[in-house]
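Each chain, letter by letter, is given below.
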Amino acid sequence: MAPKAKDKPKQSPSPSQAPLPIEDLFTNLSRHIRGSEFEQAVKVAEQVLSIAPGDEDALRCKVVALLKADRIEDALSAIQSAPKRPADFDFLKAYCLYRQNKLDEALESLKSQERNSDTMLLEAQILYRLGKMDACVGVYQKLQKSKIESLEINLAAGLILGGRASEVQGMMEANRIKSSSSFELAYNVACSLIERNKYADAEQLLLTARRIGQETLMDDNWADDDIEVELAPIVVQLAYVQQLLGRSQEAMEAYADIIKRGLADESSLAVAVNNFVNLKGSRDVSDSLRKLDRLKEQDAQNFQLVRALDKLSPKQREAIYANRVLLLLHANKMDQARELVARLPDMFADSILPVLLQAAVWVRENKVGKAEEILGQFGEKFPNKSKVILLARAQIAAAAAHYQIAANSLARISDIQHMPATVATIVALKERAGDIDGASAVLDSAIKWWSNAMTEDNKLNVIMQEAASFKVRHGQEEDAAQLYEELVKSHGSIEALAGLVSTVAHVDVDKAETYEQKLKPLPGLKGINVDALEKTSGAKHDEGAFNAKVAEAPEEVKKEKPKKKRKRKPRYPKGFDPANPGPPPDPERWLPKRERSTYRPKRKDKRAAQVRGSQGAVVREKHDTGGSATNSSTSNAKSTQSSTSKSTSQNAAAESSKPTSKSSRKKSRN
């Protein structure tokens, strides 16, 4: 075989070889950028910068090409290491920081820039990501005069997440835009309908959005898988609407299909996983935890969402973390739940959910006192966010029989503390705690508040009626009578008048009789002599009178007697004689034999184990009577026992026929 020819060494460029002119390099750079060959564009830009280090155009092309190639860190390094920064580099730096989710730094970098449509658009995107929806919508509304394409899509999204979904329709009518103008806008309008609880309309609009999207992307020659990924948010939202409409099985199948196929962007996949886990609840907790593990950073020791999910709104990310904590509590993995809950306040500083989850962990560990303590401290520190916190504290305390704490928590909620339902709950809790005076004070405070309230739906009469009943139950007849009297004078309530008569009768009989005359007489009581009725000893059972009444009944009633059910003869087992049933069955016949009271375990014959003589020797019984007794007992044994004895006797016979060298060895050792 002939030897292979050696490769010729590559010739190094000679120092006399001149580099390409800068004009040709810029031509190549332009060609690479137009062809979306961004990595090649970066290399050519670096060649230009090696010739002309301060060239702003080459530096700008390099930064933009790095951004297009998703090399955000390299782009930011190129900006910061530039010897002379052009004026628009602060804008590019802000965009790099925005892509790295360093939102506060990005917003700070934009302040030095002149406010134009580009900087305002980036500012609105940063505010949207920060969750500052009112400021975001304000920027978008200022940009409406700029005639920016698809601006209404982002504006609708900002209005929805800012809690102003009802304004979306007005915005579209003012701009003369139809929801079907694009599948993105149709999707956002459907989301606004969901926020307004118009689920059926939202479902129809989402179906329209999916159809428009498929037609649009197919016209643009997109691949089928790419179309599916692009329309995944619409499919997930459709499943969510089905879930809201009560079609849980359809929703679960849609979520499971998205998760299984994986043809969705990271955000849509995360929402599908979270909603699927939410629908499953506490069923198969380990499977739900495994599905949520798909959303975490692989290298992170603790649960942390991947960087790609930074696009989710804070509310969506918070929901995923909350479901993770609840699943850990169901799985009794308290250490992991405690560790995750400890990180949530820093991640969602403006939310109350981390505090509620922390209280849930304490309750799960049977430390109700600590849960009540942290909820109470948070309510005092943030009174504007304390409503839900105090409601949770009241529920936890009431479940733990801490009735006074529960009542005090409800009394601290100024929005609802005088509502009839809240007043009734506080009074019931204080009654259970034995604080009757405190319960009475709550009722008096509610009466005073409703007396001064200027509302159309005034609940003063309801509160006064309940307060009077409470005072009667607890022996405060004078206060109760005063309340009843005020109700009679102000509202003319018959119920209050009856209560007044029965209450005043214990204190002032004449006054009770005066008010009793205002009661309307009951029909059918005019012919009754009350004095004679009081002298009787009560009603007696008179069979004759009953029979007379039955005799006077009309014939139609007699005919309508209920039909008697025909008695069927009992069916006995075959061969059973009911005249001679025999002895009663054993009540323990269904129990295993070992559990019956008559069970006696068989005693083992200790003598049978005493085998004397050498191995294989035949042992003769000394007493024939003993042998006969053994034979008689074995003859009554079960078939399985007899077969066992046969096998053992055969083995013994086999052993006796073997040579006895082993036994002789044993004798010699002895």
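Residues numbered from 1 in each chain as written. Predicted model: local features only at pLDDT ≥ 70, side-chain atom pairs only at ≥ 80, totals over all residues. Heavy atoms only, no water.

**Notes on the overall build of the protein chain**
Right, on to step 1. Looking only at helices and strands, one finds 35 helices and zero strands in the protein chain.
Right, on to step 2. Each of the 670 residues in the protein chain was classed as buried or not, and the buried ones make up 32%.
Right, on to step 3. In the protein chain, the proportion of contacts linking residues at least 24 apart, taken out of those at least 6 apart, comes to 46%.
Right, on to step 4. Carbon and sulfur atoms form 50% of the exposed surface of the protein chain, whose accessible area is close to 45300 Å². (Helix = DSSP H or I, 4+ residues; strand = E, 2+ residues; numbered from the N terminus. Buried < 20%, exposed > 50% of the residue type's maximum accessible area, 1.4 Å probe, protein only. Contact = heavy atoms within 4.5 Å. Areas by Shrake-Rupley, 256 points an atom, 1.4 Å probe, with all protein chains shown as cover.)

**Here's the deal with the environment of glutamate 195**
Right, on to step 1. You can see glutamate 195 is positioned in helix H11 (residues 183–195).
Right, on to step 2. Glutamate 195 sits 30 residues away from alanine 165 along the chain, and the two C-alpha atoms are 6.4 Å apart.
Right, on to step 3. With near-sequence residues (within four places) excluded, glutamate 195 lies in contact with Ile160 and Ala165.

**A short note on the packing of aromatic side chains**
Right, on to step 1. Tallied over the full model, the rule gives five aromatic pairs.
Right, on to step 2. Plain terms: the ring middles of tryptophan 449 and tryptophan 450 are 4.9 Å apart, the flat faces sit at 90° to each other, and that makes the pair edge-to-face.
Right, on to step 3. Using a relative accessible area of 4% as the deciding quantity, one classes tryptophan 450 as buried.
Right, on to step 4. Through a chain of ring-to-ring contacts, three or more aromatic side chains come together here, namely Phe303, Tyr321 and Phe348.
Right, on to step 5. Over the ring of phenylalanine 382 we find lysine 385, and its NZ or CZ is 5.3 Å from the ring centre. (Phe/Tyr/Trp six-rings, centres within 6.5 Å; stacked < 30°, edge-to-face > 60°. Lys NZ or Arg CZ within 6 Å of the ring centre and 35° of its normal.)

**A look at helix H18 (residues 314–330)**
Right, on to step 1. Taking 1.5 Å per residue, 17 residues should reach 24 Å; H18 reaches 24 Å between its end C-alpha atoms and fits that length.
Right, on to step 2. Within H18, burial applies to Arg317, Glu318, Ile320, Tyr321, Ala322, Asn323, Arg324, Val325, Leu327, Leu328 and Leu329.
Right, on to step 3. Taken together, the buried residues of H18 touch helix H16 (266–280), helix H17 (285–293), helix H19 (334–347) and helix H20 (353–364).
Right, on to step 4. Asparagine 332 occupies a position one or two residues after H18 and carries a positive phi of about 65°. (Expected span 1.5 Å × (residues − 1).)

**Let's talk about the environment of isoleucine 33**
Right, on to step 1. Considering the arrangement of structural elements, one finds isoleucine 33 in helix H1 (residues 22–34).
Right, on to step 2. On the accessibility criterion, isoleucine 33 (33% relative accessible area) is partly exposed.
Right, on to step 3. Taking the C-alpha atoms as reference points, isoleucine 33 and cysteine 61, 28 residues apart in sequence, are found 8.6 Å from one another.
Right, on to step 4. Beyond its immediate chain neighbours, meaning those up to four positions away, isoleucine 33 contacts Phe38, Ala41 and Cys61.

**Quick look at the nonpolar core**
Right, on to step 1. By size, the foremost hydrophobic cluster in this structure holds 69 residues, and its most contacted members are Val63, Leu67, Cys96, Ile126, Tyr140 and Val168.
Right, on to step 2. If you tally residues by element for this core, the top one is H11, at eight residues.
Right, on to step 3. Counting residues in each nonpolar core, the second largest holds 39 residues, with Ala270, Leu309, Ile320 and Ala337 among its members. (Core = buried A, V, L, I, M, F, W, Y, C linked by side-chain atoms within 4.5 Å.)

**Digging into empty space enclosed by the protein**
Right, on to step 1. The final tally for this structure, using the stated rule, is one cavity of 30 Å³ or more.
Right, on to step 2. For the largest cavity, the calculated volume is near 40 Å³.
Right, on to step 3. Pro53, Gly54, Asp55, Glu56, Leu59, Pro83 and Lys84 together form the lining of the largest cavity.
Right, on to step 4. A breakdown of the residues in the lining of the largest cavity according to their chemical character gives three nonpolar, one polar and three charged. (1 Å grid on protein atoms, 1.4 Å probe; cavity = no way out; pocket = protein on both sides within 12 Å on 5 of 7 lines; lining within 4 Å. Points joined across faces, edges and corners; volume = space filled by probe spheres on them. Nonpolar A, V, L, I, M, F, W, Y, C, P; charged D, E, K, R; others polar.)

As far as function goes, none of this settles anything; it's purely spatial.
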